[in-house]
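Inside the fold
The residues making up each chain are set out below.
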Amino acid sequence: MKCKMCEHQKNITNDPYFIMELETGYVILGWFQRFKGYTVFNCKEHGPELHNLDHDFKIKHLEEMSIVAEAVSNVFKPDKMNYELLGNGCPHIHWHLYPRVKGDTPIVSSVYQLPNSELFDESRRPSDEVRKDYINKIKNEIERLLSLQE
Ligand SMILES: [Zn+2]
């Protein structure tokens, strides 16, 4: 069976939500912004589990994931970042990076307590203007953080 994420990654730079390519993955703005700044980091390697990745690649991937989350945090100033590597529906490592603020869900817990009808409602899609603004801000902040490492 073909992996939908591997297929998507062949032309990922054409995705209007594409933010940027890093060494081990692709940064994409979440299609739905119920949680402002929600961003996804897709691994370039196919597979469901971190522990199956080559060691050096895995460490680099984790570092880059952390930088993406830091950039999102710096831009959106949440109370807390959530880092979610689930993959139950799609067995290809991809991180859901959710900026969380106090009171953003009824229960202090995962975003998935909310029904899909709220998380993925069309009304939660950003306008073109907002989408481009978020993409630019996140990209600029990732580039700034990467430049500090050199
Ligand atoms: Zn895949």
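Here we summarise the structure given alongside this text. By convention here, each chain's residues receive numbers from 1 onward along its written sequence. Note on the predicted model: pLDDT of at least 70 is required for a residue's local features to be given, and 80 or more for side-chain atom pairs to be given and counted; whole-chain, interface and lining totals, by contrast, use all residues.

1. Topic: the nonpolar core
Here, a nonpolar core means buried Ala, Val, Leu, Ile, Met, Phe, Trp, Tyr and Cys residues linked by C-beta atoms lying within 7 Å of one another. Partly exposed residues are those whose C-beta has more than 12 but fewer than 20 other C-beta atoms within 10 Å; with 20 or more the residue is buried, with 12 or fewer it is exposed, and the C-beta atoms are placed from the backbone. Judged by nonpolar contacts, the single largest core of 22 residues is most densely connected at Val27, Phe41, Val68, Val72, Leu97 and Ile138. Runs of E in the DSSP output that reach at least two residues are strands. Runs of H or I that reach at least four are helices, and both are numbered from the N terminus. Elements with a minimum of two residues in this core: strand 2 (25-29), strand 3 (39-43), helix 2 (55-76), strand 5 (94-100) and helix 4 (128-149). Contacts are defined on C-beta atoms placed from the backbone: any two residues whose C-beta positions lie within 7 Å are in contact. Among all residues touching Phe41, those that are not within four sequence positions of it are Gly25, Val27, Met65, Val68, His94, Trp95 and Leu97.

2. Notes on the packing of helix 2 against helix 4
In helix packing, the relevant descriptors are the interaxial angle and the interaxial distance, both defined with respect to the helix axes. It is the contact of helix 2 with helix 4, at a shortest axis distance of 9 Å, that shows an interaxial angle of 120 degrees. In this view, helix 2 runs oblique relative to helix 4, as classed from their interaxial angle. The element helix 2 and its partner helix 4 pack so that their crossing is right-handed. Packed against helix 2, whose contacting residues are Ile67, Val68, Glu70, Ala71, Val72, Asn74 and Val75, the element helix 4 presents Lys137, Ile138, Glu141, Ile142, Leu145 and Leu146 at the interface. Interaxial angles span 0 to 180 degrees and are taken between N-to-C directions of axes, which are lines fitted to C-alpha atoms, for helices over the stretch in contact. Each angle gets one of four labels, with under 35 degrees taken as roughly parallel, over 145 as roughly antiparallel, 65 to 115 as roughly perpendicular, and the rest as oblique. Helix crossings get a hand from a simple test, with the near helix turned counterclockwise from the far one by less than a right angle marking a left-handed crossing and a clockwise turn marking a right-handed one.

3. Considerations on the pairing of strand 2
Strand 2 sits mainly inside the fold: five of its five residues count as buried. Alternating residues of strand 2 divide into Gly25, Val27 and Leu29 and Tyr26 and Ile28, and every residue in both groups is buried. Note: two strands are recorded as paired if DSSP finds a minimum of 2 bridges between them. Joining the antiparallel neighbours strand 1 (residues 18-21) and strand 2 is a turn of three residues. Relative to strand 3, strand 2 runs antiparallel, the two sharing five bridges. In the strand pairing of strand 3, Leu29 is matched with Thr39.

4. Observations concerning helix 2
In a regular helix each residue adds 1.5 Å, so 22 residues correspond to 32 Å; helix 2 covers 32 Å between its end C-alpha atoms and thus fits that length. Among all positions of helix 2, only His61, Glu64, Met65, Val68, Ala71, Val72, Val75 and Phe76 are buried. Buried residues of helix 2, seen end-on, are gathered within an arc of 120 degrees and therefore sit on one face of the element. Facing away from the buried side of helix 2 by more than 90 degrees, the exposed set consists of His55, Asp56 and Ile59. The inward-facing, buried residues of helix 2 contact strand 2, strand 3, strand 4 (80-85), strand 5 and helix 4. One or two steps after helix 2, the chain reaches Lys77, where phi turns positive at roughly 50 degrees. Working rule for helices: expected span equals 1.5 Å times residues minus one. The arc in question is the one spanned by the directions pointing from the helix axis to the C-beta atoms.

5. Things to note about the pairing of strand 1
Bridge analysis of strand 1 against strand 2 gives three bridges, and the strand direction is antiparallel. Following the sheet pairing, Met20 is matched in strand 2 by Val27.

6. Things to note about the sheet that holds strand 5
Strand order in this open sheet of five strands is 1-2-3-5-4, and the pairing throughout is antiparallel. In this open sheet, the two edge strands, each paired with only one partner strand, are strand 1 and strand 4. The average undirected angle you get between the axes of adjacent strands in this sheet is 20 degrees. In the packing of helix 4 onto the sheet, contacts are made with strand 1, strand 2 and strand 3, and the angle to strand 1 comes to roughly 20 degrees.

7. Here we look at helix 4
Across its 22 residues, helix 4 extends 32 Å between first and last C-alpha, which sits within 8% of the 32 Å expected from 1.5 Å per residue. All of the buried residues along helix 4 are Tyr134, Ile135, Ile138 and Ile142. Down the axis of helix 4, the buried side of the element spans an arc of 100 degrees, and every buried residue falls inside it. Turned more than 90 degrees away from the buried face of helix 4 sit Glu129, Asp133, Asn136, Glu143, Arg144, Ser147 and Leu148, all of them exposed. Looking at the buried residues of helix 4, the elements they touch are strand 1, strand 2, strand 3 and helix 2.

Interpretation note: all reported values are geometric properties and have no functional meaning in isolation.
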